[in-house]
Amino acid sequence: MIPASELPINSDGSVFHLHLRPEQLADRIILVGDQDRVSTVAKFFEKREAEVQSREFHTITGTYKGKRISCVSTGIGCDNIDIVMTELDALANIDLDRREVRDEHRQLTLVRVGTCGGLQPFTPIGTFVASVRSIGFDGLLNYYADRDKVCDLELEKAFVNHMHWYEKKGAPYVACADEGLVRQIAADNMVRGITVSCGGFYGPQGRQVRLRTQDEEQNQKVESFRYDGMAICNYEMESSAVAGMASMLGHRAMTCCMVIANRYNKEMNTNYKNSMETLITTVLDRI
């Protein structure tokens, strides 16, 4: 029996942060960072059956071309993914009344749809990037006992050596997206590669405004890294936690992002919201 202190349940039977009840969650889930983007996704639904908002966590469940889909906003950062993934899995695999793990495992399919910064000349603004591997700078998975079972340990070692990693930052981890889901969603028109998930937007991504970064050559080192024919294509802030926690919990997950800034060419597009709809409908069709 899982104690109330470990998995808080609200008085209406919903999980603590998301405020969702089990019957409101579909097996297919689109994760977005921006709570307003949930409505953008849901405008393509033929029918809506549930809508819940609590803090930055906004959920709409409905039907798209006969498929039952939930769209959930996570807010920014891997710390929020820890909350969202744990509570989504609890909705699927824990009897919330008895506070016990269900005998039969329910597998969820999760696709994070977001924005990112491109790091290569072949990832200009507007590129769709599918994350095959995600390097977590945030350290989240290191708090879980089974992280080594779901991580690419050889890639981790190669990356640490290449970067001359500063140990006070904490150990990076490399989470793997579900290979079948990558083939399903990325198909033949998304760039596949490695993604870095950062613990912040400025310093952790090598930006210097008034504060200097610990490694002023970080971006050049990241851009030059190659492993098994793959390059690091982009920076974002959630994909490593999504892929890693999903793998540990027995779910299928991946991330695909649209490049809105190219750090290599030092270009930025802040008027990207309309262009996101193409990526959204692509994922809706393929999930």
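All values reported here derive from a predicted model rather than from experimental measurement.

### Notes on the pattern of salt bridges
Phase 1: A full pass over the atoms with the stated rule returns 16 salt bridges.
Phase 2: One salt bridge connects arginine 21 with glutamate 23, and the closest N-O pair in it is separated by 2.8 Å.
Phase 3: A residue is classified by how much of its surface remains accessible, and arginine 21, at 29% relative accessible area, is partly exposed.
Phase 4: Arginine 98 serves as the salt-bridge partner of glutamate 100, at 3.0 Å between the closest nitrogen and oxygen.
Phase 5: Here the salt bridges share partners, and the residues they tie into one network are Arg112, Glu236 and Glu238.

### Examining the layout of surface pockets
Phase 1: One number sums up the size of the largest pocket: a volume of about 460 Å³.
Phase 2: Lining the largest pocket are 20 residues, and of these Ile76, Thr115, Phe201, Met237 and Ile260 sit closest to its centre.
Phase 3: When residues of the lining of the largest pocket are traced back to their parent elements, those giving at least two are β7 (109–118), β12 (230–236) and β13 (252–262).
Phase 4: Here the element with the most residues in the lining of the largest pocket is β7; it accounts for five residues.
Phase 5: Taken together, the residues of the lining of the largest pocket sort by class into nine nonpolar, five polar and six charged.

### A word on empty space enclosed by the protein
Phase 1: Inspection of every chain in the model, using the stated rule, returns one cavity of 30 Å³ or more.
Phase 2: In this model, the largest cavity occupies a volume close to 30 Å³.
Phase 3: Every residue lining the largest cavity is listed: Ser131, Val132, Ser134, Ala175, Cys176, Ala177, Ser239, Ala243, Met254 and Thr255.
Phase 4: Looking at the lining of the largest cavity, the elements that each hand over two or more residues are β8 (128–136), β9 (173–176), α7 (239–249) and β13.
Phase 5: Counting residues per element, the lining of the largest cavity draws most heavily on β8, which supplies three residues.
Phase 6: Here the lining of the largest cavity is built from residues that sort into six nonpolar, four polar and no charged.

### A short note on the packing of helix α1 (residues 35–42) against helix α8 (residues 276–286)
Phase 1: For the pair α1 and α8, interaxial distance at closest approach is 10 Å and the crossing angle is 60 degrees. Between α1 and α8, the angle falls in the class oblique. For the pair α1 and α8, the sense of crossing is right-handed. In this structure, α1 uses Arg37, Thr40 and Val41 to contact α8, whose residues at the interface are Met276, Glu277, Ile280 and Leu284.

### Considerations on the pairing of β8
On a regular strand, one side chain projects to one face of the sheet and the next to the other, so that they alternate.
Phase 1: Among the nine residues that make up β8, nine are buried, leaving the element largely enclosed by the rest of the structure.
Phase 2: Strand direction decides the pairing type here: β8 and β13, joined by three bridges, are antiparallel. When the bridges of β13 are listed, phenylalanine 128 appears paired with methionine 258.
Phase 3: The pairing of β8 with strand β10 (residues 191–197) spans seven bridges and is classified as parallel. In the strand pairing of β10, valine 129 is matched with valine 191.
Phase 4: Direction of pairing for β8 relative to β9: antiparallel, over a ladder of four bridges. Bridge pairing in β9 places isoleucine 135 opposite valine 174.

Reading guide: rules and limits
Residues numbered from 1 in each chain as written. Predicted model: local features only at pLDDT ≥ 70, side-chain atom pairs only at ≥ 80, totals over all residues. Heavy atoms only, no water. Salt bridge = Lys/Arg side-chain N within 4 Å of Asp/Glu carboxyl O. Buried < 20%, exposed > 50% of the residue type's maximum accessible area, 1.4 Å probe, protein only. 1 Å grid on protein atoms, 1.4 Å probe; cavity = no way out; pocket = protein on both sides within 12 Å on 5 of 7 lines; lining within 4 Å. Points joined across faces, edges and corners; volume = space filled by probe spheres on them. Helix = DSSP H or I, 4+ residues; strand = E, 2+ residues; numbered from the N terminus. Nonpolar A, V, L, I, M, F, W, Y, C, P; charged D, E, K, R; others polar. Axes fitted to C-alpha atoms, helices over the stretch in contact; angles between N-to-C directions. Parallel < 35°, antiparallel > 145°, perpendicular 65-115°, else oblique. Left-handed = near helix turned anticlockwise from the far one by under 90°. Contact = heavy atoms within 4.5 Å. Pairing = 2+ DSSP bridges.

This is a description of form; function is not addressed.
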